[in-house]
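Report on the structure
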Amino acid sequence: MTANNATADWEPAAAALLDELIAVGKDAVDRGLVLASAGNMSVRIGADRFAVTASGTWFDRLTRDDFAVLNLAGEQLSGPAPSSEWKLHQRAYQAREDINCVLHLHPHTATLLASLGRRIRLITLDHAFYVGSVGVSPFYPNGSDELAAAAAAQLAEHNCVIMQHHGCSVVADTAQMAFRRAMNLEDAAKMTLSALTIGDETTEFPAGAAFHA
Ligand SMILES: [Zn+2]
């Protein structure tokens with residue numbers, strides 16, 4: 001991979017997707033889902049390419065110049081050096097043709113519970129609707145092929161996966177949906193932790209409950 005400093009000329013559709021992701025970055029910081037420059041995010045901007053946040057960027061200070069463009073083979077096409085965790089994004093898009101956004105965050109409570117080996121329970125209708133199910137993958141070093149492969153394997157069955165002792169990847173067809181998923185994942189983790197503190201080990205959203213539009 002070679003980084004270059006050329007500022008990408010974004011197609012209008014890609015620019016709009018980036019602006020949506022930039023707004024999500026601000027919201028994620030405002031809601032306490034991001035600590036300092038931890039985490040990274042990406043959006044698919046073509047059948048074979050995605051834009052991912054550059055190394056060391058802060059979620060609430062992003063501009064379009066803070067995104068690197070890579071193809072699904074992992075070759076950089078333009079922009080600054082990508083996040084060291086770009087393989088998480090590459091492998092996610094390879095694994096899921098239906099997704100257009102990957103948010104990789106380090107949410108406090110979800111990461112804690114998964115690292116302790118505690119299952120995150122879905123308690124509310126929103127948890128069931130937005131999160132659906134939660135995959136967990138074991139710890140592997142940051143930026144490694146093993147980490148990206150283990151997370152992508154979980155994404156085959158889940159839209160939310162937590163990498164133990166690290167953070168989560170949440171995927172969706174749009175950035176807004178991915179963000180709602182990520183917020184509800186952390187909310188489910190907080191409610192699970194609250195339930196555990198009062199001695200409840202079993203309560204969760206009723207299985208098979210119907211959704212009404
Ligand atoms: Zn990370």
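Computed from a predicted structure; not experimentally measured.

1. Some details on the environment of Ala182
Mapped onto the elements of the fold, Ala182 is located in helix α6 (residues 175-197). With 30 C-beta atoms counted inside 10 Å, the residue Ala182 sits in the buried group. For the pair formed by Ala182 and Leu21, sequence separation is 161 residues and the distance between their alpha carbons is 14 Å. In this structure Ala182 touches Leu33, Leu103, Leu105 and Val170, once residues within four positions along its chain are discounted.

2. With respect to the sheet that holds strand β3 (residues 67-71)
If you walk across this open sheet you meet the eight strands as β4-β3-β2-β1-β5-β8-β7-β6, and the pairing is mixed. Each end of this open sheet is capped by a strand with a single partner; those strands are β4 (76-78) and β6 (134-137). Geometrically, the sheet is characterised by an average inter-axis angle of 25° between neighbouring strands, direction not taken into account. Its contacts with the sheet place helix α2 (residues 86-95) against β1 (40-46), β2 (49-53), β3, β5 (101-105) and β8 (167-172), and it is angled at close to 150° to β2.

3. Examining the pairing of β8
Taken across its six residues, β8 has six buried, putting it largely inside the fold. Side-chain alternation along β8 places Gly167, Ser169 and Val171 on one buried face and Cys168, Val170 and Ala172 on a second face that is also buried. Where β5 meets β8, five bridges bridge the pair, whose relative direction is antiparallel. Residue pairing for β8: Leu103 is matched across the bridge by Val170.

4. Here's the deal with the nonpolar core
Counting 61 residues, the largest nonpolar core has Ala51 and Leu185 as the members making the most contacts within it. With eight residues, the single largest contributor to this core is α6. Non-local contacts of Ala51, meaning those with residues more than four positions away in its chain, are made with Ala14, Leu18, Ser42, Val43, Ile45, Phe67, Ala68 and Val69.

5. Considering the pairing of strand β7 (residues 160-163)
Alternating residues of β7 divide into Cys160 and Ile162 and Val161 and Met163, and every residue in both groups is buried. In terms of strand pairing, β6 meets β7 through four bridges, oriented parallel. Across the sheet, residue Val136 finds its bridge partner in β7, namely Ile162. Between the parallel elements β6 and β7, the chain passes through helix α5 (residues 145-155) in a crossover that is right-handed. In sequence, β7 turns back onto β8 through a hairpin of three residues, with His165 there showing a positive phi of about 60°.

6. Considerations on unusual backbone geometry
Unlike most non-glycine residues, His165 shows phi in positive territory, near 60°. Within the secondary structure layout, His165 lies in the loop between β7 and β8. A tally of 13 C-beta atoms within 10 Å means that His165 is categorised as partly exposed.

7. Side note on the packing of α2 against α5
Remark: α2 packs on α5, axes separated minimally by 8 Å, with the N-to-C direction vectors making an angle of 35°. Considering how the two elements wind past one another, α2 and α5 form a crossing that is right-handed. Contact with α2, carried on its side by Lys87, Leu88, Arg91, Ala92, Gln94 and Ala95, involves Asp145, Leu147, Ala148, Ala149, Ala151, Ala152 and Leu155 of α5 and no other residues of that element. Tallied by class, residues from the contact of α2 with α5 come to nine nonpolar, one polar and three charged.

Basis of the calculations
- The numbers attached to residues start from 1 for each chain and follow its sequence in the written order.
- Owing to the predicted nature of the model, reporting of local features is limited to residues with pLDDT of at least 70; listing and counting of side-chain atom pairs is limited to 80 or more, with chain, interface and lining totals taken over all residues.
- Counting from the N terminus, the helices are DSSP H or I runs at least four residues long and the strands are E runs at least two residues long.
- Here a residue counts as buried when 20 or more other C-beta atoms fall within 10 Å of its C-beta, as exposed when 12 or fewer do, and as partly exposed in between; the C-beta atoms come from the backbone.
- Each residue is represented by a C-beta atom placed from its backbone, and any two residues with such atoms within 7 Å are regarded as in contact.
- Only strands that DSSP links by at least two bridges are regarded as paired with each other.
- A fitted line through C-alpha atoms represents every axis, and for helices the fit uses only the stretch in contact; the resulting angles, taken between N-to-C directions, go from 0 to 180 degrees.
- Take the buried Ala, Val, Leu, Ile, Met, Phe, Trp, Tyr and Cys residues, join any whose C-beta atoms are within 7 Å, and the set you get is a nonpolar core.
- For a crossover, the right-handed case is the one in which the path from the first strand over the helix to the second runs clockwise, viewed with the strands pointing away from the viewer.
- Helix crossings fall into two classes, left-handed where the near helix is turned counterclockwise from the far one by less than a right angle and right-handed where it is turned clockwise.
- Under the convention adopted here, Pro, Cys and the residues Ala, Val, Leu, Ile, Met, Phe, Trp and Tyr are nonpolar, Asp, Glu, Lys and Arg are charged, and Gly plus all remaining residues are polar.

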